[in-house]
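A structural walkthrough
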Amino acid sequence: MSLPLEDLAGRARPVTLAGRRMLPVPEPLAELFPGGGMRRGSMVTVDSISGTTSLALALVAAASQAGSWAAAVGSWSAELGLVAAAELGVCLERFTLVPDAGSHWPAVMATLLDAVDVVLIGGTAPVRAVDARRLAARARERGTVLIVLGSCWPERTDMRLTVTAARWRGVGQGCGHLQARQVEVVATGRGAASRRRATRLWLPGEHGRVEAVEAVGGEPGDVVPADPATSADPATILAG
Amino acid sequence: MAGRTLVVWCPDWAVTAAGFPASEPVAVFHANRVVTCSEAARAQGVRSGQRRREAQGRCPELTVVAQDPGRDARAFEPVVAAAETFTPWAEVIRPGVVAFATRGPARYFGGDEALATQVIATVDRAFAAGCRAGVAEGRFAAELAARATGATARTRVVPAGEGAAFLAPFPVQTLDQPELVDLLIRLGIRTLGGLAALPADAVLARFGTPGALAHRRARGLDERPLLARTPPPELAVTAELDPPVEQVETAAFTAKSLADELHRRLSGLGLACTRLGIEAETEHGEHLVRLWRHDGALTAAAIADRVRWQLEGWWSTGAPTAGLTLLRLVPDEVKPDQGSQLGLWGGSAAADERAARAMARIQGLLGPAAVATGVVGGGRDPAGQARLVPWGDPRQPALPDGARAGSPPSLPMRRTAGPAAGEAPPWPGRTPPPSPAVVHRGPAEVVDRFGQPVTVTARGELSAPPAWVNTAGSPVEVVAWTGPWPLEERWWDPAGRRRRARFQVCLADGRAQMLALESRRWWVEATYD
């Protein structure tokens, strides 16, 4: 077991301020967060017409690769595209799903908040305010990040991420295949996150990962197959 | 060396059991063939295996009785009871033959001869049937000894060490293994002595296990030692709860000591438990069982936790309607304990352990299948590639995957070279990444710009470009589309055969979906959310 020295020093340090303890997010998403990552104990809502699932999975990816555990609760996890999750960088061994918690979901949530670093909840019935407050307090106390998909949470959360624009690239009229989607993500929130931040990124990019817009190139909203010269892309076989 | 064995043999038992004396001509039939006949019938030429007509031809006054193994066994019970007055270890070989080891009783009664006489007398008193007794090494030799007696000398004792010599003149037919006997006779081996003279390893090599068994018998050894097996030690631990326990706390306290006890037993044998059965019984006679699986070894604390969670789970669902009267822990699957090592700095191993405990706890609440992790394997569509594995089960994909290990994505229609021998399949026709983030299946309607349903011919030609897609009540315009990608899977398998044409569409509201046309119906297969 070889640990980087600063990581070891971080673990040996006696006290860390809660605000300094961050869960990493993928590089292109970092500028949406005040500290460059998800603050432990905070709550994030992801809610938009399209792109909710990808964005929520992308938020988990970096922390998951760094060894954190994540859990998904609620019916959204039953329909979750696990292949897409793996492509976005979520480590599936440390990503557990509890699709049908039924009436026990508050107990399940409480258990998960104690044990894992990120809990995603979505697709449940509207949460009662009393449950919401209790779970939020527990998340704060344990330093777990709670990500809420959709609008089932009754209270305002620390941050809210919304996909405001999305354009797919790679499909024409009867040719090509879906290659990448350029999205604009807007983050609003309270406290340190109260300043509105926005970024454009590929979600997903060409290989299914989340990428900064410069990394892939091309104008937003191109609905054309990829340049045949740059890659031996199979889409050209279809297109030509 | 086989132990000295006494066999009590009642001649023509089926006839005796049917209630006829040996002096009457009686034959027991099964499927129109003689199974057993009385002494009187045998004297007139009736033999086992004869047809009924033939037997009646030789002995016109023959009484015909149908075979009834149940009757034979019932009638034999008094004989067994009589034998059991000598030893508690009497073994019924079949109705008509009972055997027991003479080691204890023979010393008590003053030798094998005296014991055999005593047994005959006792059995006669219980059930006058003219039984015979034989004593020899091993059951097989003892039974032959009993059969070798006559009406006058009803016992036969083969002295110790002379078993093989006693057996040698008997024909091989006494082995009761028709196929083997047939072969032995054709090879010129007609007596047990001839068989016993062959080297044991050569017999095993030529005739296999049945031959080796027969060889052991012919040498006067018992056949059983070949199947030597140490019975598995009893590992389950049980606690009876009196008075019945109504509270989780109290039961959990008992569970803790049970877990310690179980763990002590297991570690004493160098074993670790990977699957644990938790059983409980209630005052109302309910029997609750749940199996728990764990990848690593379960420690005493982990066992106690699981029992506690399971009890909480049962109580929260109201399964036990009364107090618990019994709690049992059964190690369902054990393996040699190889131990596990935590990381030096706590590190991820501690976090993993914490997460694992939480998952196990939720399983206790909701059932083992409620917590799962995903595994991505091979396959051609997003739903088939991923598989949910219940927490604690081995993470194996449903289908093997060769393409995922860094090779370029394959597109439908692209021809790839066949995989090398032993390589995992490449799944041509797999949709390229990015994969859809939501995998669901629902009916859809797809129409062209004139409102006509879009179809695909058998040759994969599209009737018209799709213009509108309706999945949730209101039609949405298609801004870009691609397809059809024909996919014919498992054409050789009538049950698993699927023939589809797949499409990707971008809709005016920003969504992108994968659609499929299968048996003239449109489906949404996934959404690129």
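Residues numbered from 1 in each chain as written. Chains lettered and ligands numbered in written order. Predicted model: local features only at pLDDT ≥ 70, side-chain atom pairs only at ≥ 80, totals over all residues.

1. What to know about the overall build of chain B
What counts is decided by this rule: A run of H or I in DSSP becomes a helix once it reaches four residues, and a run of E becomes a strand once it reaches two; helices and strands are each numbered from the N terminus. Counts of 20 or more other C-beta atoms within 10 Å of a residue's own C-beta define buried residues, counts of 12 or fewer define exposed ones, and intermediate counts define partly exposed ones; C-beta atoms are placed from the backbone. Contact between two residues is assigned whenever their backbone-derived C-beta positions fall within 7 Å.
Each helix and strand counted, chain B has 15 helices and 20 strands in total. In chain B, buried positions account for 38% of the 529 residues. Nonlocal contacts in chain B, meaning residues at least 24 apart in sequence, comprise 52% of its contacts between residues at least 6 apart.

2. A few points about the interface of chain A and chain B
Rules: Polarity classes work like this: nonpolar for Ala, Val, Leu, Ile, Met, Phe, Trp, Tyr, Cys and Pro, charged for Asp, Glu, Lys and Arg, and polar for all others, with Gly in that last group.
Contacts between the two partners involve 53 residues from chain A and, on the opposite side, 51 residues from chain B. Those elements that provide at least two residues to the side of chain A that touches chain B are helix H1 (5-12), helix H2 (52-65), helix H3 (82-88), strand E5 (95-98), helix H4 (105-115), strand E8 (159-171), strand E9 (176-189) and helix H7 (234-239) of chain A. Counting residues per element, the side of chain A that touches chain B draws most heavily on H4 of chain A, which supplies six residues. Along the lines of polarity and charge, the residues of the side of chain A that touches chain B split into 30 nonpolar, 17 polar and six charged.

3. Topic: the confidence of the model for chain A
Selection rule: Across the chain, each position has a pLDDT score giving the predictor's confidence in that residue, from 0 to 100.
Here chain A shows a mean pLDDT of 82. Residues at 70 or above account for 81%. Below pLDDT 50 for its whole length, residues 215-240 of chain A participates in 43 contacts with residues either more than four positions away or in separate chains.

4. Things to note about the packing of H4 of chain A against helix H5 (residues 129-142) of chain A
All names here are of chain A. What counts is decided by this rule: Under this scheme, a helix contributes an axis fitted over its contacting stretch, all axes are lines through C-alpha atoms, and angles between N-to-C directions fall in the 0 to 180 degree range. Convention used here: angles under 35 degrees read as roughly parallel, angles over 145 as roughly antiparallel, angles from 65 to 115 as roughly perpendicular, and any remaining angle as oblique. The handedness criterion is simple: a crossing whose near helix is rotated anticlockwise from the far helix by less than a right angle is left-handed, and one whose near helix is rotated clockwise is right-handed.
Two numbers describe how H4 lies on H5: the axes approach to 9 Å, and their chain directions differ by 10 degrees. On the basis of their axis angle, the class for H4 and H5 is roughly parallel. Here the hand of the crossing between H4 and H5 comes out right-handed. Residues Pro106, Met109, Ala110, Leu113 and Asp114 of H4 touch H5, and the partners they reach there are Asp131, Leu135, Arg138, Ala139 and Arg142. Looking at the contact of H4 with H5 residue by residue, the classes come out as six nonpolar, no polar and four charged.

5. Topic: the environment of Glu179 of chain B
All names here are of chain B. Counting through the fold element by element, Glu179 comes out in helix H9 (residues 178-186). Classification of Glu179 as exposed rests on a count of 9 C-beta atoms within 10 Å. Residues Glu179 and Pro210, spaced 31 residues apart in sequence, show a C-alpha to C-alpha distance of 10.0 Å.

6. Description of the nonpolar core
This is how it is decided: Put simply, a nonpolar core is buried Ala, Val, Leu, Ile, Met, Phe, Trp, Tyr and Cys residues tied into one set by C-beta atoms within 7 Å. Boundaries between domains were set according to an automatic or database domain assignment.
Val73, Val119 and Ile147 of chain A are the most contacted members of the largest nonpolar core, which has 111 residues in total. Here this core gets nine residues from one element, more than from any other, and that element is H2 of chain A. Per-domain counts for this core show at least three residues from each of domain 3 (237-364) and domain 4 (438-527) of chain B. If we skip the residues at most four places from it in the chain, Ile147 of chain A touches Val44, Val46, Ala56, Leu59, Val118 and Leu120 of chain A. Counting 61 residues, the second-largest nonpolar core is a separate cluster that includes Val98, Ala99, Val158 and Leu213 of chain B.

7. Quick notes on the sheet that holds strand E18 (residues 498-507) of chain B
Adjacent strands of a sheet pair through backbone hydrogen bonds, lying either parallel or antiparallel. Residues and elements named next belong to chain B. Here is the rule we go by: One requirement defines pairing of two strands: DSSP has to find at least two bridges between them.
The strand order around the closed barrel built from six strands is E15-E16-E17-E18-E19-E20, with neighbouring strands paired in antiparallel fashion. For this sheet the average axis-to-axis angle between neighbouring strands, irrespective of direction, equals 40 degrees. Here strand E17 (residues 476-489) runs beside E18; their pairing, made up of nine bridges, is antiparallel. Note on E18: the bridge partner recorded for Pro486 is Ala501.

8. Re helix H13 (residues 300-317) of chain B
All names here are of chain B. Stated precisely, the cut-off is as follows: Expected span of a helix: the number of residues minus one, times 1.5 Å.
With 18 residues, H13 ought to run about 26 Å at 1.5 Å a step, and its terminal C-alpha atoms sit 26 Å apart, in line with that. Residues of H13 that are buried include every one of Ala302, Ile303, Ala304, Asp305, Arg306, Val307, Arg308, Trp309, Gln310, Leu311, Gly313 and Trp314, and no others. Downstream of H13 by one or two residues, Gly318 has phi in the positive range, about 75 degrees.

9. Overview of the environment of Asp509 of chain B
Structurally, Asp509 of chain B can be placed in the loop between E18 and strand E19 (512-518). For the pair Asp509 of chain B and Val476 of chain B, spaced 33 residues apart in sequence, the C-alpha separation works out to 7.4 Å.

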